[in-house]
Amino acid sequence: MKPLIEDDLAALTRQVMHMGGLVEQALDRSLKALLERDRALAREVIDGDAVIDRLENEIEERCLDVLALRQPVARDLRYVTGILKIDSDLERMADLAGNIAERAEILAEVPPLPFRPDVTRMAALVKRMVRDGLDSLQRLDAQLAFRTWQADQEADRLYRELIGQAIQFMREHPERLGDVMHLVGALRNLERLADHATNIAEDVIFVVQGRIVRHHMREFGAEVGGVRPG
Amino acid sequence: MTGAGPIVNLDRLSLRLFASFAGLILVIVAAVALWGEIRVRRFYAHEVERRLEVAAALLIERSESALAHAGPDPAFDAHLGQLGRLTRLRLTVIRDDGVVLADSESPLPIANHADRPEVRLALGGQPGTDQRRSSTTGQRTHYLALPVRSAGRVIGCVRASAPLDDMEGALAELRTSLVLVGALALGAGLLLAGLLARRLASPLENMAREAEALGEGDLARRVAPRGPVETRALARALNTMAARLQQRVESERTARGELEAILGGMAEGVVALDAAEQVLLMNAAAARLLGLEEPLAAGSPLWRVLRFPELERELRAVLARPEAGPGTPDVRSFDATPQGNGRTLAISIAPLSIEGLETRRGAVVLLSDVTTTRRLDQMRSDFVANVSHELRTPLTAIMGALEILAEPSTDEATEARFVEIAARNAARLKAIVNDLLDLSSLEAQSESLARAPLSTSAALRNAAAALAGAAQKKGVQLEVEAPRSSRADVLGDESRLEQCFTNLLANAIQYTPAGGRVTARARSLEDEVEVVVEDTGIGIPATALPRVFERFYRVDRGRGRDTGGTGLGLALVKHIALAHGGRVDVASEEGHGSVFTVRLPRRSEA
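Trainee: Please give an account of the overall build of chain A that cites residues and values.
Mentor: Tallying secondary structure elements over chain A gives seven helices and zero strands in all. In chain A, the succession of helices and strands from N to C terminus is α-α-α-α-α-α-α. Here chain A holds 230 residues, and 52% of them are scored as buried. Partitioning the contacts of chain A with sequence separation of at least 6, the portion at a separation of at least 24 is 83%.

Here it is in structure tokens:
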């Protein structure tokens, strides 16, 4: 029996979801390492990045194979191109999680900084965004994707707030400037991770609705905003 | 049930029967008609010919003279007319040259008859017959001509003729009655066919209906044996089949129900998957442990809803392996945490081969929640490490002090200082050992608690009074809100309860920075007494909350020890509360403070 494009797409989905799971895990661990000052866990994340890099290449090749050999149209075409973009987003997210882990490794060695509650909140939010973004891809759920995108504003707000606190703290404790800079680095990486999660959400909306909503999310939101998921 | 089905069948059966009947009837009627017509025609023609012969023969003698005269003879004419009327025939006398001399019906002259076939034959000396439409009367007519001889010579002929219309009339009548009989026979045949078909079809129709109901799953249906032997046998066979089927389906259903009940009731998650990682079976526990809203239906791929890299990796390893031989179950076991719920799962994956039409490969995944077990393991090993560590710290200090004291060159001031250090650490060592003993005795229930009526308010006040100095020294405001009336509201061990409250208050003071406030409240609820200790201290992170009552657990290593805690205070609080049939809860917001609540059963006022 001749394999169908559906089989190829299913294999692709499976692989992307596997990669998504690994990214999620890397993020989870890097944040745990950061919050619980766990050096060993941080190391694990840094070492695990190679697997994700390899997966990125495999998925890209597979996408190109499907494009070249199957010549998908309509939604299938959008799906494959969407996966191509999400693939590189995921790889970047894994790198960012690795960066957070590197900062966590350093921060585990210095006395604790006082921002734990807010860092915990922001970590939970970004984890949730990444999970929702991947869930929206898995279920091709445009509404969930839109909610993911919306959550980014909250992530940005938390980030700015934390930076404000950090600056304040550095003024009061200039001797800990170096330590705080590492934390700020980790937070910036976290904030960028949230941005990549919104990229995934935008690509999911493109796949599902066939519209490029990147940079036009607000108009899109006005349309779907009132619709609650059934 | 399709409804039209049996009726169409009935129609077909009756139609077929009727068609056969009709064919038979038509053949018979046609044969009778043909045979009858031939017979009637032959008989009638014979009869007519005989009458013609008689009449012609009678006429020969009389016409001899008329022919011999060869002139008009009125008497003969009259005679001929009378004879014709009597015999109801047309009689004609014709001369040998074909001239008609007399005719019983038509007045003369009549056209020459020499060319008529029967006349030609008669004039030739032979009797002649013919059937044709008469040119005179226009009717179909049978003619018979006989020669008239005189002295051996043909001098003319006589001809008798009769119209055949009578015969045609008789035949038409015969045909009409045959058609009528045929139609009646057809009607009877239709009726008979219908009746027969109904009689044959109704048991069949009934059986078809029952079989259809059986096919739709109503296996309790049975067919009443009716009709001829054959259909009765068929009905019995159908019933036997239905009974067997019912038996089998019921046993399958029971087996499946049992299996589902067993799987559904298991605390462990079970997922069976085929080689394409599609779910064959998933129980509710598996869905819960994997963080899914509900178990996946059979046939849906696991990777469509789940992202669990460790599970996927191991699953793929199991599925990719060549067929494991029987007796060598190649199980992969590992611990992993799925995204989201933070539980630790012990997972084992075993290859599966499913016997069916063709053997399929798959895997069965067993999941069990070992979060608690793993935490207990961790606690146990932490405890040993902690006890050793906690005991070693004061011991090291004592040994160091003793070493210095053993040196002869030590002056008195130093000596005093190190004796004090050794004494302080020995006291701390004693405090730790005492707490440990208290804990183990509370845990082992070896020490039967004194059960005396006492007042929680009083115990709380006593505890607060004992710590007032420490609080003041640290600059923490310590407040007690408890009713003055010291009514005995619980049954318990006074010193233990005081220890419990002291530990709570000490803990609160310890983790509240200078300028903060610790509030202790006691109040009576309906059937409980509640003691709340609230502080405005640094608080406890959410992840540490469930662990603060563990022995030697510290939210942050290094925090607390230098302030003199044994690391066992809260563990003691918990065990004292439990020993009194109560419980302790904690709520905290990091950076804002913590609230510890002890609830003890209220003494019933006897």
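Trainee: I'd like a description of the overall build of chain B, backed by residues and values.
Mentor: Regarding its fold elements, chain B presents 12 helices and 17 strands. Within the span of chain B, comprising 606 residues, buried residues form 38% of the whole. For chain B, the proportion of contacts with a sequence separation of at least 24, taken over those separated by at least 6, is 59%. Accessible area for chain B stands at about 33,500 Å²; split by element, carbon and sulfur atoms hold 57% of it.

Trainee: Help me get a handle on the packing of aromatic side chains, residues and values and all.
Mentor: Residues and elements named next belong to chain A. The final tally for this structure, using the stated rule, is three aromatic pairs over all chains. For the pair Phe115 and Phe169, a centre-to-centre distance of 5.6 Å together with 75° between the ring planes defines the contact as edge-to-face. Of this pair, Phe115 sits in the loop between α3 (74-107) and α4 (116-139) while Phe169 sits in helix α5 (residues 142-172), and the two are 54 residues apart along the sequence. Phe169 carries the same exposure label as Phe115, and that label is buried.

Trainee: Outline the confidence of the model for chain A, supporting the account with residue identities and numerical values.
Mentor: For chain A, the average pLDDT comes to 87, and 91% of its residues sit at 70 or higher. Here residues 226-230 of chain A scores under 50 on pLDDT; set against residues more than four positions off or in separate chains, the count is four contacts.

Trainee: Would you mind going over the sheet that holds strand β1 (residues 90-95) of chain B in detail, with residue names and values included?
Mentor: Strand pairing in a sheet takes place through backbone hydrogen bonds and is either antiparallel or parallel in direction. Residue and element names in this part refer to chain B. The strand order across the open sheet built from five strands is β2-β1-β5-β4-β3, with neighbouring strands paired in antiparallel fashion. Looking at which strands have only one partner, the edges of the open sheet turn out to be β2 (100-103) and β3 (128-133). Ignoring which end each strand starts from, the neighbouring axes of this sheet average 20° apart. Sheet topology places strand β4 (residues 140-150) next to strand β5 (residues 153-163); 10 bridges connect them, and they run antiparallel. Of the residues in β5, the one forming a bridge with Leu144 is Ala160. Against the sheet, helix α2 (residues 74-87) engages β1 and β2, with an angle of about 140° to β1.

Trainee: Got a sec to walk through a nonpolar patch on the surface? Specific residues and values, please.
Mentor: All names here are of chain B. A contiguous nonpolar patch, built from Leu24, Ile28 and Val32 and spanning about 280 Å² of accessible area, is present on the exposed surface. Looking at where Val32 falls in the secondary structure, it is placed in helix α1 (residues 4-69). With relative accessibility at 40%, the residue Val32 sits in the partly exposed group.

Trainee: Hey, could you go over the environment of B:Ala587 for me, with residue numbers and the actual values?
Mentor: Residues and elements named next belong to chain B. Relative to the helices and strands, Ala587 resides in strand β16 (residues 583-589). What makes Ala587 partly exposed here is its relative accessible area of 42%. Aside from chain neighbours lying at most four places away, what touches Ala587 is Ser594 and Val595.

Trainee: Give a detailed account of the packing of helix α1 (residues 5-36) of chain A against helix α6 (residues 177-209) of chain A, specifying residues and quantitative values.
Mentor: Residue and element names in this part refer to chain A. Close contact between α1 and α6 brings their axes to 12 Å; oriented N to C, the two are set at 155°. One element, α1, and the other, α6, form an angle in the roughly antiparallel class. Regarding α1 and α6, the two cross each other, and that crossing is left-handed. Of the residues in α6, those in contact with Leu27, Leu31 and Leu34 of α1 are Leu183, Ala186, Leu190 and Leu193.

Trainee: Explain the interface of chain B and chain A to me, using residue names and the numbers behind them.
Mentor: Across the contact, 18 residues belong to chain B and 20 residues belong to chain A. The largest contributions to the chain B side of the interface with chain A come from B:Trp303, B:Arg307 and B:Gln339, which together make up 40% of the buried area. Its salt-bridge partner being A:Arg14, residue B:Glu277 comes within 2.9 Å of it at the nearest N-O pair. Summed over the shared surface of chain B and chain A, the number is 12 residue pairs in polar contact (both at pLDDT 80 or more). Of the residues that constitute the side of chain B that touches chain A, the class distribution is six nonpolar, three polar and nine charged.

Trainee: Account for the sheet that holds strand β14 (residues 517-524) of chain B, naming residues and giving values.
Mentor: All names here are of chain B. Taken together, the five strands give an open sheet; going across it, the order is β12-β14-β15-β17-β16, and neighbouring strands pair in mixed fashion. A single partner strand is all that each edge strand has here, and the edge strands are β12 (477-481) and β16. Neighbouring strand axes in the sheet, compared pairwise and without regard to direction, differ in orientation by 10° on average. As judged from the seven bridges shared by strand β15 (residues 528-535) and strand β17 (residues 593-601), these two strands associate in the antiparallel manner. Residue Val529 lies in a different strand from β17, and its bridge partner there is Leu600. The strands that helix α10 (residues 456-474) touches are β12, β14, β15 and β17; relative to β12, the one it contacts most, it runs at about 170°.

The rules behind each value
- Residues numbered from 1 in each chain as written.
- Chains lettered and ligands numbered in written order.
- Predicted model: local features only at pLDDT ≥ 70, side-chain atom pairs only at ≥ 80, totals over all residues.
- Heavy atoms only, no water.
- Helix = DSSP H or I, 4+ residues; strand = E, 2+ residues; numbered from the N terminus.
- Buried < 20%, exposed > 50% of the residue type's maximum accessible area, 1.4 Å probe, protein only.
- Contact = heavy atoms within 4.5 Å.
- Areas by Shrake-Rupley, 256 points an atom, 1.4 Å probe, with all protein chains shown as cover.
- Phe/Tyr/Trp six-rings, centres within 6.5 Å; stacked < 30°, edge-to-face > 60°.
- pLDDT = per-residue confidence, 0-100.
- Pairing = 2+ DSSP bridges.
- Axes fitted to C-alpha atoms, helices over the stretch in contact; angles between N-to-C directions.
- Patch = residues over 30% accessible without salt bridge, like charges linked within 9 Å, V, L, I, M, F, W, Y side chains within 5 Å.
- Salt bridge = Lys/Arg side-chain N within 4 Å of Asp/Glu carboxyl O.
- Parallel < 35°, antiparallel > 145°, perpendicular 65-115°, else oblique.
- Left-handed = near helix turned anticlockwise from the far one by under 90°.
- Buried area = accessible area lost by both parts, 1.4 Å probe.
- Polar contact = N/O pair within 3.5 Å; in protein donor to acceptor, adjacent residues only side chain to side chain.
- Nonpolar A, V, L, I, M, F, W, Y, C, P; charged D, E, K, R; others polar.

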